[in-house]
Amino acid sequence: MRRKLTNWLVDAAFCLFAVVFSILIADSVLPADLSDTARAVEDTLWALACAAVFVRRRWPVALAVVLVLAGTWAHLLTGPTLVALFTVAAHRPPRVTAWVAAITMAPAPLVVVRQVLEPEPDRFARGAVYFFLILGSIGWGLYIRSRRQLIASLRERAERAAVDARRQAREDMAREMHDVLAHRLSLLSVHAGALEFHPGAPPAEVQRAAGVIRESAHQALQDLREVIGVLRRPENGDRPQPVLTDLERLAAESRAAGMSVALDQRVGAPDEAPPVAGRTAYRIVQEGLTNARKHAGDAPVTVTVSGGPGAGLTVEVCNPAPGGSPRGPIPGAGQGLIGLAERASLAGGRLEHRQAGDRFLLTAWLPWPG
């Protein structure tokens, strides 16, 4: 794989650092009585070490060990050695870095012992500076490594959050589409089934059913258009959401479709209900009526809404146990009650459904702060 231009520039900068560093310390580390041959060997090793910086990414550990061992008798390899140790600490696991650091710092006790036996302040100061530089380069490499890992972790967390957000958006979209369309389409199915089941019905009844079908289809298309419009233009805000006072209109729609719906509202001021609680209660009643229409035929349905500030909002939909419509079952996705439970949970409430004798009960409680 071809190396990136950025990697070449960074390696060139490190090579320049090694060259400049070695030039700056040359007068203080090279012995005064160094022969021309020994100086030529020093310069050759120094040049090779500086050039080897360009392969530090491929063989960082081997390069660092070779430079550390060669630096025990060569004098100008400190710069390339610092670069190699930094690379090991920044790109290799901490355990590998610890082994390389141990090899590098192994001569430190010998320097201390030699200073005790043969005191020489200049030599000890040079040794101390060398080992401090070694520790500094390793520490800087470890910092860069930890920072890189932190950035990678934050990036991964952000990507995971984006995936979760997209999944949540899809779930919200599916829930909204189900809530909006299931009610309308169930009305269509009921009246179309009635026409099929009673082909000889009086013209007035046929006309009324056809009108309901036409109106329900029109409303379903309108609701679908509004949802798709919101999805395409999210910056314009959400579509108008139902509130608790819309329950009477919902019950009237079901009565117009031929259902027997008794709505018992025991809420003193329904227009003051929290928007989230009112919207969730509306969706629960809507889904309850849809399910009753699907599974209980023309059986009567009782909807009871009670509560107030501080006590919360209680919603109950009661209808005969599912026995199927005489016109045949209306298909469904089977996700309605699951979606309602999720809605209630998101609103801070709870939802239960059970069969009590020959009745099916859908009960929910939603918070209404005092």
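These numbers come from a predicted model, not from an experiment. Starting from 1, residues in each chain are numbered consecutively following that chain's sequence as written. Local features in a predicted model are, by the rule used here, given only for residues with pLDDT of at least 70; side-chain atom pairs are given and counted only at 80 or more, and totals for whole chains, interfaces and linings are based on all residues. In computing side-chain properties, one takes all heavy atoms of the structure into account and sets aside hydrogens as well as water.

Draft legend 1. Examining the overall build of the chain more closely. Counting from the N terminus, the helices are the DSSP runs of H or I reaching at least four residues and the strands are the DSSP runs of E reaching at least two. When its secondary structure is counted, the chain shows 11 helices and five strands. Buried residues in the chain amount to 38% of all 370 residues. Throughout, a residue-residue contact means that at least one pair of heavy atoms, one from each residue, lies within 4.5 Å. Across the chain, the fraction of contacts at a sequence separation of at least 24, relative to all contacts at a separation of at least 6, is 73%. The Shrake-Rupley method, run with a 1.4 Å probe, gives the accessible areas here. Residue values count only the displayed protein chains as cover. Accessible surface, the chain as shown: approximately 21,000 Å² in total, 62% of it carbon and sulfur. A simple rule labels every residue: compare its accessible area, found with a 1.4 Å probe on the protein chains alone, to the largest value its type can have, and call it buried under 20%, exposed over 50%, or partly exposed in between.

Draft legend 2. Just the pairing of strand 2 (residues 301-308), in detail. Sheet analysis places strand 1 (residues 261-267) next to strand 2, joined by seven bridges and oriented parallel. Residue Val261 lies in a different strand from strand 2, and its bridge partner there is Val301. Across seven bridges, strand 2 lies against strand 3 (residues 312-320) in antiparallel orientation. Residue pairing for strand 3: Gly308 is matched across the bridge by Gly312. A pair of strands is labelled paired if DSSP reports no fewer than 2 bridges between them.

Draft legend 3. Summary view of empty space enclosed by the protein. Within this scheme a cavity is a closed region of a 1 Å grid, computed over the protein atoms alone, that accommodates a 1.4 Å probe without allowing it to escape, whereas a pocket is open but has protein on both sides within 12 Å along at least five of seven lines; lining residues each have an atom within 4 Å of a point. Grid points are joined across faces, edges and corners, and a volume is the space filled by probe spheres set on the points. Scanning the model with the defined rule gives one cavity of 30 Å³ or more in all. Residue assignment for the lining of the largest cavity shows that the elements contributing at least two residues are helix 10 (275-295), strand 3 and strand 5 (359-366).

Draft legend 4. Focus on the sheet that holds strand 1. If you trace the five strands from one edge of the open sheet to the other, you get 1-2-3-5-4, paired in mixed fashion. A single partner strand is all that each edge strand has here, and the edge strands are strand 1 and strand 4 (350-356). When strand polarity is set aside, the average angle formed by the axes of neighbouring strands in this sheet is 10°. As paired elements, strand 3 and strand 5 share eight bridges and run antiparallel to each other. Looking across to strand 5, one finds that Val317 is bridged to Leu362. Between the N-to-C directions of two axes lies an angle of 0 to 180 degrees, each axis being a line fitted to C-alpha atoms and, for a helix, fitted only over the stretch in contact. Its contacts with the sheet put helix 9 (residues 247-256) on strand 1 and strand 2, and the angle it makes with strand 1 is roughly 170°. Helix 10 contacts strand 1, strand 2, strand 3, strand 4 and strand 5 of the sheet and is inclined by roughly 5° relative to strand 3.

Draft legend 5. Focus on the packing of helix 3 (residues 60-70) against helix 4 (residues 78-91). Relative to each other, helix 3 and helix 4 sit at 145°, their axes nearing to 9 Å. Here helix 3 runs over helix 4; the crossing is left-handed. Contacts between helix 3 and helix 4 involve Pro60, Val61, Leu63, Ala64, Leu67 and Val68 from the first element and Pro80, Thr81, Ala84, Leu85, Thr87 and Val88 from the second. Split into classes, the residues belonging to the contact of helix 3 with helix 4 amount to 10 nonpolar, two polar and no charged. Crossings are classed by handedness, with left-handed meaning an anticlockwise turn of the near helix from the far one by less than a right angle and right-handed meaning a clockwise turn. Gly falls in the polar group here, along with every residue not listed as nonpolar (Ala, Val, Leu, Ile, Met, Phe, Trp, Tyr, Cys, Pro) or charged (Asp, Glu, Lys, Arg).

Draft legend 6. Expanded view of the confidence of the model for the chain. Per-residue confidence for the chain averages 78 on the pLDDT scale, and 78% of its residues sit at or above 70. Of all helices and strands in the chain, the one with the weakest mean pLDDT is helix 6 (residues 108-117) (64), whereas strand 2 scores best (92). Values of pLDDT, the confidence the predictor places in each residue, fall between 0 and 100. Counting interchain partners and residues more than four positions distant, the pLDDT-below-50 stretch residues 324-334 has 19 contacts.

Draft legend 7. Representation of the side chain of Thr97 in the model. For Thr97, the position within the fold is in helix 5 (residues 94-105). Each polar contact in these results corresponds to two N or O atoms within 3.5 Å; when the atoms are within protein, one needs to be able to donate a hydrogen and the other to accept it, and residues that are neighboring in sequence are counted only if both atoms are side-chain atoms. From its side chain, Thr97 meets the backbone oxygen of Val88 in a polar contact 3.4 Å long. What Thr97 contacts, discounting residues up to four positions off in sequence, is Val88, Ala89, Arg92, Ile138 and Leu142.

Draft legend 8. Structural view of the pattern of salt bridges. The term salt bridge refers to a pairing of a side-chain nitrogen on Lys or Arg with a carboxyl oxygen on Asp or Glu at a separation within 4 Å. According to the stated counting rule, one finds five salt bridges in the structure shown. Linking Glu156 and Arg160 is a salt bridge whose minimum nitrogen-to-oxygen distance equals 3.7 Å. Note that Glu156 and Arg160 are positioned in helix 7 (residues 121-197) at a spacing of four residues, about one turn of the helix. Classification of Glu156 as partly exposed rests on a relative accessible area of 48%. Arg160 gets classed as partly exposed once you look at its relative accessible area, which sits at 43%. The residue Arg249 makes a salt bridge to Asp246 at a minimum N-O spacing of 4.0 Å. Owing to a relative accessible area of 37%, Arg249 belongs among the partly exposed residues under this scheme. Residues joined in a network through salt bridges with shared partners are Asp246, Arg249 and Glu253.

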